[in-house]
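Letter by letter, the chains look like this.
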Amino acid sequence: MPQDDVFAPSWAPRMLSILRIMTALLFLAHGTQKLFGFPAPQYMPAAFTMGWCAAVIELVGGVLLTLGLFTRAAAFICAGEMAFAYFIAHFPKSFFPAVNGGDAAVLFCFVFLYLFVAGGGTWSVDAARNRV
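Residues numbered from 1 in each chain as written. Predicted model: local features only at pLDDT ≥ 70, side-chain atom pairs only at ≥ 80, totals over all residues. Heavy atoms only, no water.

Undergrad: Got a minute to help me understand the overall build of the protein in this structure?
TA: Secondary structure summary: the protein contains six helices and zero strands in total. When the helices and strands of the protein are listed from N to C terminus, the series reads α-α-α-α-α-α. If one aligns the C-alpha atoms of the protein with their principal axes, the spans along those axes are about 55 × 35 × 25 Å. Within the protein, counting contacts between residues at least 6 apart in sequence, those at least 24 apart form 62% of the total. Total accessible area on the protein stands at roughly 8000 Å², and carbon and sulfur atoms take up 77% of it. In the protein, which carries 7 positive and 6 negative side-chain charges, the distance between the mean positions of the two groups comes to 9 Å. (Helix = DSSP H or I, 4+ residues; strand = E, 2+ residues; numbered from the N terminus. Contact = heavy atoms within 4.5 Å. Areas by Shrake-Rupley, 256 points an atom, 1.4 Å probe, with all protein chains shown as cover. Lys, Arg positive; Asp, Glu negative; His and termini not counted. Charge placed at Lys NZ, Arg CZ, Asp CG, Glu CD.)

In structure tokens form, the structure reads like this:
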């Protein structure tokens, strides 16, 4: 193994967990904004509307992904929500994410797709459950 590859193998699973946790916390904040007006007030969608369903997915998915519990299923659902959000809310404005304001939706979608494939990493409830 080349000298520069010594660091990466031991830290890659940990960095996967850090990526999962930080992404999930950012995603969770979108759900709490819509449902509870925290950390900053945003429109609060009426119950059982499309916006409310999105907020519930962001809240529940954000909590599950932060914990690393049911990571693959939660990530798959969250990726789908972000793809749907992009094509419903952003794409009609412009083809380019930098122009239509959809860069966050695209990034969330692809990070969640990665988590769907890679799992939650070593620091996750899923990993702890599999060790037992």
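Undergrad: Help me out: how do you make sense of helix α1 (residues 7-36) in this one?
TA: Helical periodicity: at 3.6 residues per turn, an α-helix aligns residues three or four positions apart in one direction. Across its 30 residues, α1 extends 42 Å between first and last C-alpha, which sits within 8% of the 44 Å expected from 1.5 Å per residue. The sharpest bend along α1 reaches about 35° and sits at Pro-13. By the burial criterion, the buried members of α1 are Leu-16, Ser-17, Arg-20, Thr-23, Ala-24, Phe-27, Leu-28, Gly-31, Thr-32, Gln-33 and Lys-34. Close packing links the buried residues of α1 with α2 (50-67), α3 (71-90) and α5 (103-118). Gly-37 sits one or two positions beyond α1 and adopts a positive phi of about 70°. (Expected span 1.5 Å × (residues − 1). Bend = angle between axes of the 7 residues up to and from the residue. Buried < 20%, exposed > 50% of the residue type's maximum accessible area, 1.4 Å probe, protein only.)

Undergrad: Please explain the environment of Val-111 as it appears in this structure.
TA: On the secondary structure map, Val-111 appears in helix α5. Counting along the chain gives 58 residues from Val-111 to Cys-53, while the straight-line C-alpha distance between them is 21 Å. If we skip the residues at most four places from it in the chain, Val-111 touches Leu-19 and Thr-23.

Undergrad: What should I look at first to understand α3 in this one?
TA: When the terminal C-alpha atoms of α3 are compared, their 27 Å separation across 20 residues agrees well with the 28 Å that a helix rising 1.5 Å per residue should span. Those residues of α3 that are buried lie in contact with α1, α2, α4 (97-100), α5 and α6 (125-131).

Undergrad: Explanation requested: a nonpolar patch on the surface in the structure shown.
TA: A surface patch of nonpolar side chains, amounting to about 700 Å² of accessible area, comprises Phe-7, Trp-11, Met-15, Ile-18, Met-22, Leu-25 and Trp-123. Within the secondary structure, Leu-25 sits in helix α1. Given the relative accessible area of 38%, Leu-25 is considered partly exposed. (Patch = residues over 30% accessible without salt bridge, like charges linked within 9 Å, V, L, I, M, F, W, Y side chains within 5 Å. Salt bridge = Lys/Arg side-chain N within 4 Å of Asp/Glu carboxyl O.)

Undergrad: Looking at this structure, how should I read the nonpolar core?
TA: One recurring pattern in soluble globular proteins: nonpolar side chains tend to sit buried together. Counting 16 residues, the largest nonpolar core has Phe-27, Leu-65, Met-82, Phe-112 and Leu-115 as the members making the most contacts within it. Secondary structure elements with two or more residues in this core: α1, α3 and α5. Excluding residues within four positions of it along the chain, Met-82 makes contact with Phe-27, Glu-58, Ala-105, Phe-108, Cys-109 and Phe-112. (Core = buried A, V, L, I, M, F, W, Y, C linked by side-chain atoms within 4.5 Å.)

Undergrad: Explain the packing of aromatic side chains here, please?
TA: Throughout the structure, instances matching the rule amount to 10 aromatic pairs. On the numbers, 5.0 Å between centres and 45° between planes, the contact of Phe-76 with Phe-116 is tilted. Here Phe-76 is found in helix α3, whereas its partner Phe-116 is found in helix α5, with 40 residues between them in sequence. Taking 6.3 Å as the distance between ring centres and 55° as the angle between the ring planes, the aromatic pair formed by Tyr-86 and Phe-91 counts as tilted. Looking at Tyr-86, the relative accessible area reads 8%, which means it is buried. A relative accessible area of 34% means that Phe-91 is categorised as partly exposed. Put simply, the rings of Tyr-86, Phe-87, Phe-91, Phe-95 and Phe-96 touch in pairs and so form one group of aromatic residues. (Phe/Tyr/Trp six-rings, centres within 6.5 Å; stacked < 30°, edge-to-face > 60°.)

Geometric values such as these leave the question of function open.
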